[in-house]
Amino acid sequence: MFSAVLKSIFPKYSQPFMKIRKKQQNNQRSHSKKQPSPASELFAIALESWRTGRFAPAESGLKRLLKQFPNHLDSHHLLAVILERKGDRVGAIQHLKTAITINPKASQCHDELANIYFSIGEFNNALTHFEITRSLGYNQSNTSTMIGRCLRELNDYQGALEALSEAISLDPNNQFSHLYLGTCYRETGQLNLAENAYEQAIRIDPEFALAYYLLATTGTAENPEILLRKMENLINGESQTVQGKIFLGFGLGKLYEDARNPQESFRYYHLANQLKRQLISPDLVSVKYYFDTLKQVFSDLAPGVICGPDTSGCTPILILGMPRSGSSLLEQIIAAHPDVHGAGELPLLEQSLNTASSDGLYLKFPDDFRSLTSQHGERIAQKYLLGLQKLRPGAEKFVIDKLPQNFYFIGAIRRLLPSAKIIHIIRNPVATCFSCYKNYFGPGMLEFTYDLGELGEYYLLYRSLMDFWHLEAEEDILEVHYENIIANQANETEKILNFCGLNWDDRCFEFHQSQKTVRTASFAQVRKPVYDSSLNSWNTLRSKLEPLISVLHKGGIDPELK
């Protein structure tokens, strides 16, 4: 969750074409008597179109220019910016690579390329180009911050902390460097250091709503009452944006929850969700269509493995289900085993399913899965497994991928990754949905969670799809109930380890003593022994949760049951 939040907020610092335009203006003044070249004249026209917001004429003009002058670096660069803006990242990457081929020292192009790679989750490629950008002396503090972000995504927390500390030494007043430093400390369990970093970010920018949100949800503030009052003053003031008030609302909800004031807590959670819901347009009709398509595609397919045997030596453990069902707790229990690495929530599986291509064929999941050849299936599986292997700090035989929404892909997992262990974790439906409602998931993610009724509708769709997968492959999916882990951790842990093919290890029972990183909203809970205080806490607010409970009832889900 925090990765998504921070990715969306942290700005891109490069403003390449403001610099290009100034450079052109300077050149025009210093060489006013010289006749401009045809290429520079055409580029100036395209640049002016771009500057005034006429992107289509700018794009078409640049494409015409490059037909005549294919090595015009600035045209490749500006065209890449325009293509990225319209969502054509493949085209943007192509033009930036060409620009770098023309001039390997084009630092702004390396920076733009690195940012695009980061945005699509190709963190190794992003890191490579950010390091080149830094070596060329471009925007060094911000570039060091981005290097820290890449290393964090690659689970190199020591390297991330070093890069972020370097960024702060270069520019002590960059509040985002402090913010990310705090997040690295938070995810490695160094909560007091995280608090210090967030407070420093707030000292630099006293209205930094995201820093307040992260500080409030870290739960280590020495004076929570003072923090609470500051945040209430900000949320009731006029200087904050809607997005800022959303962060403050979720943070205040958590502060009042920690203070055991459920009514005030719900009031702020509800306000934050209302504000967020006004900014988005969740499309549950499309979700239903997608789930129905999955059911149809995999109903038509015969069972059986599509690709050859797995020889990677790296077995995936996929923990999936509804968000906020206890997947972080389950990951920490299993990842405490010395043969297992917990890699957290990875976008890798969906990326692998949607980007496999060969001989010019582009495969889109699930539509093209019916015609998937063993060759293409092998490419998908290898891309996924190679990505997992890169995340291992050592030679662990198992790697956990705990992205809850991987439940969409169970049919594909069984056919492409037959050695994978699939664990479906379930929690009381109201507790699950209410926990979703209390969390901010970031732009474009889980947009159905900001309205109680829509949450209930999505939960019904999720259960329907999981019922389909269990009917198709009951023996390949282990169903684990969060409440059973709380009630009898030892028995449940033994059952889970047996399913994965792992021997018992006492460290799994004492998972809370592990020093491994935790990157989800459950970062604090999973550093404690299991406890049952939150199992039925939603009952206190039952009347306020009626829009959710009513939808579940109508869909045949008893809110009192697992």
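Thresholds, definitions, all that
Residues numbered from 1 in each chain as written. Predicted model: local features only at pLDDT ≥ 70, side-chain atom pairs only at ≥ 80, totals over all residues. Heavy atoms only, no water. Helix = DSSP H or I, 4+ residues; strand = E, 2+ residues; numbered from the N terminus. Contact = heavy atoms within 4.5 Å. Areas by Shrake-Rupley, 256 points an atom, 1.4 Å probe, with all protein chains shown as cover. Core = buried A, V, L, I, M, F, W, Y, C linked by side-chain atoms within 4.5 Å. Buried < 20%, exposed > 50% of the residue type's maximum accessible area, 1.4 Å probe, protein only. Pairing = 2+ DSSP bridges. Phe/Tyr/Trp six-rings, centres within 6.5 Å; stacked < 30°, edge-to-face > 60°. Lys NZ or Arg CZ within 6 Å of the ring centre and 35° of its normal. Axes fitted to C-alpha atoms, helices over the stretch in contact; angles between N-to-C directions. Parallel < 35°, antiparallel > 145°, perpendicular 65-115°, else oblique. Left-handed = near helix turned anticlockwise from the far one by under 90°. Nonpolar A, V, L, I, M, F, W, Y, C, P; charged D, E, K, R; others polar.

Draft legend 1. Local environment of the overall build of the protein chain. Along the protein chain, the regular secondary structure elements total 27 helices and seven strands. For the protein chain, the share of sequence-separated contacts (at least 6 apart) that also reach a separation of at least 24 residues comes to 71%. For the protein chain, the accessible surface area stands at approximately 24,500 Å², while carbon and sulfur atoms represent 50% of it.

Draft legend 2. Just the nonpolar core, in detail. If you look at the biggest cluster of nonpolar residues, it comprises 148 residues, and the most contacted ones within it are Phe298, Leu353, Phe369, Phe407, Ile413, Leu417 and Tyr458. Examining the composition of this core, we find that eleven residues originate from one element, helix H23 (residues 452-473), more than from any other. Setting aside residues up to four positions removed in sequence, isoleucine 413 forms contacts with Leu318, Leu320, Leu349, Asn406, Pro418, Ala420 and Ile422. Judged by nonpolar contacts, the second largest core, of 24 residues, contains Ile334, Ala336, Leu502 and Phe511.

Draft legend 3. Layout of the pairing of strand E7 (residues 477-481). Counting buried residues along E7, four of its five residues qualify, which places the element largely inside the surrounding structure. In terms of strand pairing, strand E6 (residues 421-426) meets E7 through five bridges, oriented parallel. Paired with histidine 424 across the strands is glutamate 479, a residue of E7.

Draft legend 4. View of the packing of aromatic side chains. Scanning the model with the defined rule gives 26 aromatic pairs in all. Between phenylalanine 298 and phenylalanine 369, the ring centres sit 5.2 Å apart and the planes meet at 45°, which makes this aromatic pair tilted. Of this pair, phenylalanine 298 sits in helix H17 (residues 284-300) while phenylalanine 369 sits in the loop between strand E4 (361-362) and helix H20 (374-391), and the two are 71 residues apart along the sequence. Here phenylalanine 298 matches phenylalanine 369 in class, with each residue buried. Each ring, one from tyrosine 459 and one from tyrosine 462, has its centre 5.2 Å from the other, and the planes form 65°; the classification is edge-to-face. Pair noted here: tyrosine 459 and tyrosine 462 are both in helix H23, with a separation of three residues, about one helical turn. Residue class for tyrosine 462 comes out buried when judged on its relative accessible area of 1%. Over the aromatic face of tyrosine 482 sits the side chain of arginine 427, whose NZ or CZ is 5.0 Å from the ring centroid.

Draft legend 5. Just the environment of lysine 245, in detail. Relative to the assigned elements, lysine 245 resides in helix H15 (residues 242-258). For lysine 245, a relative accessible area of 23% corresponds to the partly exposed category. Taking the C-alpha atoms as reference points, lysine 245 and leucine 275, separated by 30 residues in sequence, lie 7.9 Å from one another. Not counting residues within four places of it along the chain, the set of residues in contact with lysine 245 comprises Ile235, Gly237, Gln240 and Leu275.

Draft legend 6. Region of the structure containing the packing of helix H5 (residues 73-85) against helix H7 (residues 107-119). Viewed as axis vectors pointing N to C, H5 and H7 meet at an angle of 25°, and their least axial separation amounts to 11 Å. When the interaxial angle is binned, H5 and H7 end up roughly parallel. Considering only the axes of H5 and H7, their crossing is left-handed. Facing H5, whose interface residues are Leu73, His77, Val81 and Glu84, H7 presents Gln108, Cys109, Glu112 and Ile116. A class-by-class count of the residues in the contact of H5 with H7 yields four nonpolar, two polar and two charged.

Draft legend 7. View of the sheet that holds E7. With parallel pairing, five strands are arranged side by side in an open sheet as E2-E5-E1-E6-E7. If you trace the sheet from one side to the other, it starts and ends with strand E2 (340-342) and E7, each paired once. For this sheet the average axis-to-axis angle between neighbouring strands, irrespective of direction, equals 25°. Lying over the sheet, helix H18 (residues 327-335) contacts strand E1 (315-320), E2, strand E5 (398-401) and E6, oriented at roughly 155° with respect to E1. Taken strand by strand, H23 contacts E6 and E7, and its axis lies near 140° from that of E6.

Draft legend 8. Up close: unusual backbone geometry. You will see that asparagine 155, though not glycine, has its phi angle at about 65°, which is positive. Note on placement: asparagine 155 falls in the loop between helix H9 (140-153) and helix H10 (157-170). In this structure, arginine 260 takes a positive phi of about 60° despite not being glycine. Among the secondary structure elements, arginine 260 is positioned in the loop between H15 and helix H16 (262-279). On the accessibility criterion, arginine 260 (73% relative accessible area) is exposed.

Draft legend 9. Spotlight on the packing of helix H13 (residues 209-218) against H15. Look at H13 against H15: their axes get within 8 Å of each other, and the N-to-C directions meet at 15°. Judged by the angle between their axes, H13 and H15 are roughly parallel. When you trace H13 past H15, the crossing you get is left-handed. Across from Ala209, Leu210, Tyr212, Tyr213, Ala216 and Thr217 in H13, the residues of H15 making contact are Gly244, Phe247, Leu248, Phe250, Gly251, Lys254 and Leu255. Grouping the constituent residues of the contact of H13 with H15 by class yields nine nonpolar, three polar and one charged.

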